[in-house]
Amino acid sequence: MKRTTHALRALAAALALALTASPALAQDKVKVGLMLPYTGTYAALGNAITNGFKLAIAEQGGKLGGRDIDYVTVDDESEPAKAPENVNKLIKRDNVDVIVGTVHSGVAMAMAKAAKDNNALLLIPNAGEDSITGPMCAPNIIRTSFTNSAAGVAMGKVAADKGYKTAVTLTWKYAAGEQSTGGFKEAFEKGGGKVVKELTLPFPQVEFQPLLTEIAALNPDVVYAFFAGGGAVKFVKDYAAAGLNKTIPLVGPGFLTDGTLEAQGEAAQGMLTTLHYGEGVNNPKNTAFRAAYTKAYKVEPDVYAVQGYDAAQLLIAGANAVKGDLGKRADVVKAMETAKLDSPRGPLALTKAHAPIHDIYLRKVEGKENKVIGVAVKNITDPPRGCKL
Ligand code: PHB
């Protein structure tokens, strides 16, 4: 009897050792942490990113590099103050293999810092904070979306080429808006225009009336505004309700009218925006993506859905290269760095600083569509901004 107990104990110990020695055996699901906004003004963006991500995974039979997936989901509420705790929980308590997030640049900065401190793999499916692919860059941080200033630069050039001489910029006062309007100002003034006033209000406030009164008084040739999600819906409607769209064209990065046209309706008609996507991008991948997404979720995809889909496409490329063993980090990153993705937006590759290289389209709102009417900047490459990798 005593001998049997002893043998059983030895067997249990050997088994425990085997399991710790082989993490893939101990836990054969890949843990993916989704840290995104599911409440607040950016809630629709977080949901679209999640849907796009899961669609790409579904196309792989629900697997990542041959392994099943366990999702750990966190609502970051677009709240920078809560970000360090949220992301550290994912890294230290939930032990996720990869973090996907987020939308808000302020939250993303905290995530990038935590990812750097803990060498955690971070894929950014939206937040365009310039410095993350600049001085904050890291081998373990990769962005599949855009850089904040890029769409602004593209629109600044378009506005100057149209012959507008004066502009007012307007945004929530935080990194994304400031970098977007900053890009616009740089290119608009380079093209001979002048930004006569830079207006802001705190994120995520939507009390636009005093600002609209000020814009009417300033009477510039054009207004460039950065808002997204619920805030963008309200701003575009308020701008039209004040009658300003009849006299002063409202332009912006495509976030102003992406995923929002159903709600903005008449108010958005004719608006010009610049973005790395548009419903009508004409390639077979976009056609297939739009059909699959609409079938799966019964709603039309937007730019955020595309970015979520591409984050998963990139992760799939990395995971396939190591047959799902994400512990082989250097090989995973190398495969992602060299991937040439067939994105619904068009071809997508990465700069050395892990920022996307893609085209920025000029779009015009027609009905419920951001119609692609041209390419504003071809193959835009984010400058390294001091990134040393
Ligand atoms: C950002 O905070 O970086 C951000 C948020 C929403 C957008 C674009 C950029 O649509």
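Remember, predicted model here, so these are calculated numbers, not experimental data.

Examining the packing of aromatic side chains
The description of two aromatic rings rests on the distance between their centres and on the angle between their planes.
Alright, step 1. For the coordinates displayed, the defined rule picks out 19 aromatic pairs.
Alright, step 2. Here a set of aromatic residues connected by ring pairs shows up, and it is made of Y42, F146, W172, Y174, F203, F208, F226, F227, F235, Y239, F255 and Y304.
Alright, step 3. The cationic tip of K54 hangs over the ring face of Y71; the distance from NZ or CZ to the ring centre is 4.4 Å.

A look at the site of the ligand
Alright, step 1. The immediate surroundings of the ligand are formed by 16 residues, with V103, S105, G128, Y174 and Y304 found nearest.
Alright, step 2. Here an oxygen atom of the ligand and a backbone polar atom of G128 are 3.0 Å apart.
Alright, step 3. Measuring from an oxygen atom of the ligand, one finds a side-chain N or O atom of Y174 at 2.5 Å.
Alright, step 4. Relative to its free-state accessible area of 280 Å², the ligand is covered by the protein chains to the extent of 100%.
Alright, step 5. Here the shell around the ligand is built from residues that sort into 11 nonpolar, 5 polar and no charged.

Examining unusual backbone geometry
Glycine aside, residues mostly have negative phi, and peptide bonds are mostly found in the trans state.
Alright, step 1. The amide bond that connects G101 to the next residue, T102, takes the cis arrangement and shows omega of 0 degrees.
Alright, step 2. Turning to its location among the elements, T102 is positioned in the loop between β3 (98–100) and α5 (105–118).
Alright, step 3. A cis amide bond links F203 to the next residue, P204, at an omega of -5 degrees.
Alright, step 4. With respect to the helices, strands and loops of the structure, P204 is situated in the loop between β7 (194–201) and α8 (209–218).
Alright, step 5. Here the phi dihedral of S78 falls at roughly 50 degrees; this positive angle occurs in a residue that is not glycine.
Alright, step 6. Residue S78 is classed as buried on the basis of its relative accessible area of 6%.
Alright, step 7. Despite not being glycine, N379 shows a phi value in the positive range, around 50 degrees.
Alright, step 8. Structurally, N379 is set in strand β14 (residues 369–381).

So, how was this worked out
- Residues numbered from 1 in each chain as written.
- Predicted model: local features only at pLDDT ≥ 70, side-chain atom pairs only at ≥ 80, totals over all residues.
- Heavy atoms only, no water.
- Phe/Tyr/Trp six-rings, centres within 6.5 Å; stacked < 30°, edge-to-face > 60°.
- Lys NZ or Arg CZ within 6 Å of the ring centre and 35° of its normal.
- Near = heavy atom within 4 Å.
- Polar contact = N/O pair within 3.5 Å; in protein donor to acceptor, adjacent residues only side chain to side chain.
- Areas by Shrake-Rupley, 256 points an atom, 1.4 Å probe, with all protein chains shown as cover.
- Nonpolar A, V, L, I, M, F, W, Y, C, P; charged D, E, K, R; others polar.
- Helix = DSSP H or I, 4+ residues; strand = E, 2+ residues; numbered from the N terminus.
- Buried < 20%, exposed > 50% of the residue type's maximum accessible area, 1.4 Å probe, protein only.

Any link to function would need more than the numbers given here.
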